[in-house]
Amino acid sequence: MMRYHHNKVLSFLIIGVIALALSACGSTATNTSGGESTSSQSSPNTSSAADTSTAAVSGPIEIKHELGTIKLDKVPQRIVVMEFSYTDALIKLGVHPIGVADDSDPALFMDAVREKLGDYTSIGSRYEPNIELISSLQPDLIIADLNHHKSVYDQLNGIAPTLVLNDHQADYNGMLSNFSVIAKAVGKEAESKQLIQEHEGKIKALQEKIVNRDLTVLPAVVNPKGFFAHSSHSYSGSFITALGFKDPVTDEVPYPQLSLEQLVETNPQVLFLLPAGDKTIVGEWEKNPLWQKIDAVKNNRVFTVDRKDWALSRGLIGSEKIVDDIVKYLGE
Amino acid sequence: MRRGIALFAAFVLLLILGLFSLRSGAVTVPFSDLWSSLLGHDTPSSYIVLQYRLPRVLTAILAGSGLAAAGVILQSLIRNPLASPDVIGITKGAGFTAAAVIFLFPGSPSYVLPLAAFGGAIAAMLLLLLLSKRMTLSPASFALVGVALGAVFQAGIQYLLVKHPSNINMTLLWMSGSLWGRGWEIALSLLPWIVVLLPVAWLQYRRLDVLQLGDEGGTALGISLRPARIGLLLLAVALTGSSVAAVGSIGFIGLISPHIARLIAGGRHQWMVPLSALIGADLLLLGDWLGRLIIIPREVPVGIMTAVIGAPYFIYLLRRERKRRA
C-alpha cells in the first residue's frame, strides 16, 4: 500500500516536472511565435489625444492616455520605454531612451534601431519589466503598454509620469496615433507631422512602383511548431491592407494558426515568411506536394523577411522597412 | 519544546528572509539606507523599499502562509498526503476564470483579474460540493471529483491558450504564479483574509486531528462529519482563493509545507497549522528573493522557483520516509 502511494507521488511529481518544462518551453516558444498581438481596435483615448495635439506646445504638456492624464512641466529627458514600438518611435524622433524593456536580448531590435540607440539600460522583460531598475534610473517619463502593465500603473506612476498606450492591440493606424502621442510627450509634435508626411510619401512611392496591387499577400510567423498567419487584424497584416493589398485570410483573429491544408485553401498569391528560429515547419511542408499547389509557391513569390522588422519593431522605422522589403521583392 | 523551537526558528527565518528580500534585488539597498527608509526618512531607495519591495514581501508572506494552511486542512480532510489546493481543482478553477479574463476581456481594469480568480475558486468548490454530495462527502470522493474537476478546468485553460495564442505569455506568467509588481493594493486586500482565517484555521486543530483518524474514529469521538467537512473545505477554499487571487496559481507551496511541518513537529495540528503557515511564507519569500536575483534584470516567476526548490526536497522527503518505513 505504502509503495503504491509512493509511486503515485513520484508519478505526480514527474508529471509536474514535465508540465513545468512544457510550460517553460511554451512561454519561450510563444515569445517567438504568434507573440505580437493585436486587434483592429485602436483606443479612442489616444486618437482623440492625437487629434487635439495642435494645442499649445509651450508650457506644460498635458496628455490624456488610457489610464489617466499626465502633465509634463518640461520636455522629458530620461525616458524609459517598455515596448519595441516605443523605442522605434523615439529613435525616429531622434530621442534616446535611457531604459528599454528588451527582454534582455538586444538582438531583438531591428538593426536600424539598434545602431542609433546608443547606450541604454535593459530593464528586462517586456511583460514584467524590472520596476526597481526603472526607479533607480530616475526617469522623468515612462511609456507603458495598457495590456501588459495596467496592474502596475500606480507603482510606475509613483516613479515618474507614466504614459499608458494600447500598443499590444494596436494595428497600423493605432501605431500611427500612438506615435503622435509619444511625439507630443517628448515635445516633438511638429517634427512628427513632418515625419508622418515623409512616411506617407514612401508609401506613395511604393504604390507608384507596384501598380498592380490586386494581390493577396500574407505575412506569417513560422516556427518549428506552426504557421501563424498575420491577418488584417494584426499589425503587419493591417499595414499590408493599408498599402492596398488584400488579406487572403479574412479572419477576426489576429494570428490564426493555419495547417498546410488551410493555407492551401486560403491560397495567398504572395507569402512573406517571418521565421523564428532556424528550422521551421515550412521546411517540412516544402516536401509535401500540397505546398506546390499554393499560388505563391507556383509563381515563386515566397519571400523570407526579418521578424524583427515586420512584427517586433512596430513603428515608422519598422513599417518603412516593410515597404522597402515589399518593393524589393514585388517591384518590377 | 522542540516544536516551540521549530516555530521560533521558522519565524526568525521569516524575518531574515524578509530583510534580505528588502535589501537585495536588481538594486542593492545598503542596510543603513534600509533602516532609515523603514523609519520613514527619505533616502534614494525609499521608493524601492517602501512602495515596491515591502508590499511584495508582505504579499509573499500572506499568500505563502495562506496556501500552506489550506494544504494542511485539505491533507487532513482528504486523509491523503498528496492533497493540496491544486489537486482538488480549486486553483485550476481560479486559473480558468483568470485565463478567461486575460483572453476574453483584455481591456478590463486590473482589479478584475483577482476578483475573477477568487470567484473561480469558489465556483470550483461549489461544483465540488455539488458533485460529491451524493457520495456522502467522503474523502475519496472529494479527491476523485476534485481531480476530475481540475482536469476539466485545465482543458478549458488549454482551449483558451490554443484559441488565443497572442496573449499566452501573460497567462503563463499568471498561472505559474508571480509576485512581480504586487503593490500595497494587493497586499492590503489579502491582509484581512489571512489575518482572520489563519487563527480560525488554527482553532480547528482538534477537528483536524480527529478527521485524520478516519470516519469511524471521527463519529465515535462525537464529530458530525458533514458540517465539519464543509466548514473546513470552505476555510481551505477561502485561504486558497484569496492567496491565488493575489499571486496567481502557485502550486507547490500547499503540498510541501505541510510535509515539512509534519516532519519537524509531528502530526498534531495544534503545531502543524502555524508551523506549516510559517514554512509556506518562508518558501515563498525564498523563492521570490532568488527569482529576482538569478537573471537580473529579468525575473524568474516565484511559482517556478518554489517548484525548483521544492521538488528535489520533496523527493528527498519521500525517500527518507520510505527508508524509515521499510
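Because the structure is predicted, anything quoted here is derived from the model rather than measured.

> Please explain the side chain of A:Thr280 as it appears in this structure.
Mapped onto the elements of the fold, A:Thr280 is located in the loop between strand S11 (270–275) and helix H12 (281–285). Setting aside residues no more than four positions away along its own chain, A:Thr280 makes contact with A:Val222, A:Asn223, A:Pro224 and A:Pro275.

> Before we go on, may I ask you to explain the interface of chain A and chain B in this structure?
For an interface, size is often stated in terms of accessible area lost upon the parts coming together. The partner chain B presents 40 residues to the 47 residues of chain A that form the contact. Approximately 4,000 Å² of surface area, both sides summed, lies buried where chain A meets chain B, with 62% of it carried by carbon and sulfur atoms. There are 2 salt bridges connecting chain A and chain B. In this structure, B:Arg292 and A:Glu132 form a salt bridge, with 2.8 Å as the shortest nitrogen-oxygen distance. Here the side of chain A that touches chain B gets 15 residues from one element, more than from any other, and that element is helix H1 (residues 2–32) of chain A.

> Would you mind showing me how to read the sheet that holds strand S4 (residues 99–100) of chain A here?
Whenever strands of a sheet pair, they do so through backbone hydrogen bonds, lying parallel or antiparallel. All names here are of chain A. Strands sit in the order S5-S4-S3-S6-S7 across an open sheet of 5 strands; the sheet is parallel. With one partner strand each, in any of the chains shown, strand S5 (121–122) and strand S7 (162–165) form the two edges of the open sheet. With 2 bridges joining them, S4 and S5 adopt parallel strand pairing. Within S5, the position partnered with Gly 99 by the bridge is Thr 121. The sheet contacts of helix H3 (residues 84–92) involve strand S3 (79–81), S4, strand S6 (141–145) and S7, and relative to S3 the element is tilted by about 140 degrees. Docked against the sheet, helix H8 (residues 172–185) engages S6 and S7, running at close to 170 degrees with respect to S7.

> Would you mind going over the side chain of A:His230 with me for this structure?
Checked against the element boundaries, A:His230 lands in the loop between strand S9 (226–229) and helix H10 (235–242). Apart from residues lying up to four places away in sequence, A:His230 is in contact with A:Leu218, A:Pro219, A:Ala220, A:Val221, A:Ser236, A:Gly237, A:Pro254, A:Tyr255 and A:Ala311.

> Help me understand the pattern of salt bridges in this model?
Where charged atoms of side chains with opposite charge meet at close range, the side chains can pair. For the coordinates displayed, the defined rule picks out 19 salt bridges over all chains. A:Arg126 is the salt-bridge partner of A:Glu83, the closest N and O atoms lying 3.3 Å from each other. Taken together, the residues A:Glu83 in the loop between S3 and H3 and A:Arg126 in the loop between S5 and helix H5 (131–136) connect sequence positions 43 residues apart. A:Glu83 gets classed as buried once you look at its relative accessible area, which sits at 2%. Of the charged contacts, one joins A:Arg314 and A:Asp167 as a salt bridge, the two residues approaching to 3.3 Å between their closest N and O atoms. Placement of A:Arg314 in the loop between helix H14 (307–312) and helix H15 (316–330) and of A:Asp167 in the loop between S7 and H8 is noted, with a sequence separation of 147 residues between them. Look at A:Arg314 and you get buried, because its relative accessible area is 2%. When its relative accessible area of 3% is taken as the criterion, A:Asp167 is described as buried. Linked through salt bridges whose partners overlap, the residues forming this network are A:Glu132, B:Arg53, B:Arg56, B:Asp288, B:Arg292 and B:Glu299.

Basis of the calculations
Residues numbered from 1 in each chain as written. Chains lettered and ligands numbered in written order. Predicted model: local features only at pLDDT ≥ 70, side-chain atom pairs only at ≥ 80, totals over all residues. Heavy atoms only, no water. Helix = DSSP H or I, 4+ residues; strand = E, 2+ residues; numbered from the N terminus. Contact = heavy atoms within 4.5 Å. Buried area = accessible area lost by both parts, 1.4 Å probe. Salt bridge = Lys/Arg side-chain N within 4 Å of Asp/Glu carboxyl O. Pairing = 2+ DSSP bridges. Axes fitted to C-alpha atoms, helices over the stretch in contact; angles between N-to-C directions. Buried < 20%, exposed > 50% of the residue type's maximum accessible area, 1.4 Å probe, protein only.

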